[in-house]
Amino acid sequence: MSNEIIIGIDPGYAITGYGIIEKSGNKLTMLDCGVISTKPTSQFPDRLLAINTRIATLIEFYKPKYMAVEELFLGQNKTTAIGTAQARGVVLVEAARANIPVYEFTPGQIKLAVTGYGKADKNQVSQMVVRLLGLKEMPKPDDACDGLAVAICLANTGVPFSERAVSGYQYGRYGKREWL
């Protein structure tokens, strides 16, 4: 992956974080980062449409070669998880529409790729994002920084076939680790 643009997504239906980086050899450069915020008073389909539209605009403008998305963490609140899964779905649809391969990573994989420690805290991840991208300050809000961390994870780990988004929640990952 040399001179390639990667978009990283931290999905959510209230706030979706994104980070767009360029990898040139071993050098990583931030091109953009931010959040897509939706209003709680909006109808849910309108919230999903807002996320979808903004992702489509980012893809059209930056033309990333790869998309990396944080895997859904199923915690205590199932209602939040379902909404987040739907937001994640509209992001994946836009990647498919643009014919961009999507790779998914767990929070632990992201922390490991960014900090070298799979159980790093949020502050440690943020500090390494700043260092790895040569930024003067931490991107705000946290979700934007998280989007960058997801992109950095893909840039630092390559594009293993086994990390491709593959309906993992129904069928599991491919068993054998194959590289593209």
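As a starting point, this report considers the structure included with it. Along each chain, numbering runs from 1 in the same order as the chain's sequence is written. Note on the predicted model: pLDDT of at least 70 is required for a residue's local features to be given, and 80 or more for side-chain atom pairs to be given and counted; whole-chain, interface and lining totals, by contrast, use all residues. As a rule here, side-chain values cover all heavy atoms of the structure and leave hydrogens and water aside.

1. So, the side chain of Thr16
Helix and strand assignments come from DSSP, with helices taken as H or I runs of at least 4 residues and strands as E runs of at least 2, each series counted from the N terminus. Tracing the chain through its elements places Thr16 in strand 2 (residues 15–24). Only protein chains enter the accessibility calculation, which uses a 1.4 Å probe; a residue whose area is less than 20% of its type maximum is buried, one above 50% is exposed, and one in between is partly exposed. Here Thr16 falls in the buried class, since its relative accessible area comes to 0%. Engagement of the side chain of Thr16 in a polar contact is seen with the backbone oxygen of Gly12, the distance being 2.5 Å. Should any heavy atoms of two residues lie within 4.5 Å, those residues are counted as being in contact. Discounting chain neighbours no more than four positions away, the residues touching Thr16 are Ile9, Asp10, Pro11, Gly34, Val35, Ile36 and Ile51. Side-chain atoms alone can form a polar contact between residues adjacent in sequence; in general such a contact is a pair of N or O atoms within 3.5 Å, and within protein one must be able to donate a hydrogen while the other accepts it.

2. Remarks on the environment of Met67
With respect to the helices and strands, the residue Met67 is situated in strand 4 (residues 66–70). A C-alpha to C-alpha distance of 9.1 Å links Met67 and Val150, two positions 83 residues apart in sequence. Beyond its immediate chain neighbours, meaning those up to four positions away, Met67 contacts Ile7, Ile9, Ile55, Ile59, Val91, Ala95, Ile100, Pro101, Val102, Tyr103 and Leu154.

3. Structural notes on the pattern of salt bridges
We count a salt bridge whenever a side-chain nitrogen from Lys or Arg sits within 4 Å of a carboxyl oxygen from Asp or Glu. A full pass over the atoms with the stated rule returns five salt bridges. With a closest N to O distance of 2.6 Å, Arg88 and Glu104 form a salt bridge. Note that Arg88 is positioned in helix 2 (residues 78–97) and Glu104 in strand 5 (residues 102–105), a separation of 16 residues in sequence. Of the two residues examined, Arg88 and Glu104, each falls in the buried class. Across the pair Asp146 and Lys122 runs a salt bridge whose closest N-O atoms are separated by 2.8 Å. In this pair, Asp146 is assigned in helix 5 (residues 142–157) and Lys122 in helix 4 (residues 122–133), connecting sequence segments 24 residues apart.

4. Considerations on the pairing of strand 3 (residues 27–37)
A regular strand places its side chains on the two faces of the sheet in alternate fashion. In the sheet, strand 2 pairs with strand 3 via ten bridges, with the strands oriented antiparallel. By the bridge assignment, Gly19 is partnered in strand 3 with Cys33. For two strands to count as paired, DSSP must find a minimum of two bridges between them.

5. Some points on the state of the cysteines
Every disulfide links exactly two cysteines, by a covalent bond between their sulfur atoms. Counting rule for disulfides: a pair of cysteine sulfur atoms within 2.5 Å. Considering all chains together, one arrives at zero disulfides under this definition. The thiol of Cys33 is not disulfide-bonded; the next cysteine sulfur, from Cys145, is found 7.6 Å away.

6. Some remarks on the environment of Val102
Topologically, Val102 is positioned in strand 5. In the structure, Val102 is positioned 35 residues away from Met67 in sequence and 4.8 Å away in space, judged by C-alpha atoms.

7. Some points on helix 1 (residues 44–62)
Here the expected length of a helix is defined as 1.5 Å per residue gap, with one fewer gap than residues. In a regular helix each residue adds 1.5 Å, so 19 residues correspond to 27 Å; helix 1 covers 27 Å between its end C-alpha atoms and thus fits that length. Burial in helix 1 covers these residues: Arg47, Leu48, Ile51, Asn52, Ile55, Leu58, Ile59 and Tyr62. Mapping the buried residues of helix 1 onto a view down its axis gives an arc of 130°, with all of them on the same face. Opposite the buried face of helix 1, at more than 90 degrees from it, the exposed residues are Pro45, Leu49, Glu60 and Phe61. Positioned one or two residues after helix 1, Lys63 has a phi angle of 50°, which is positive. The arc under discussion is defined with respect to the helix axis, by the directions toward the C-beta atoms.

Everything listed here is a matter of geometry and, on its own, says nothing about what the molecule does.
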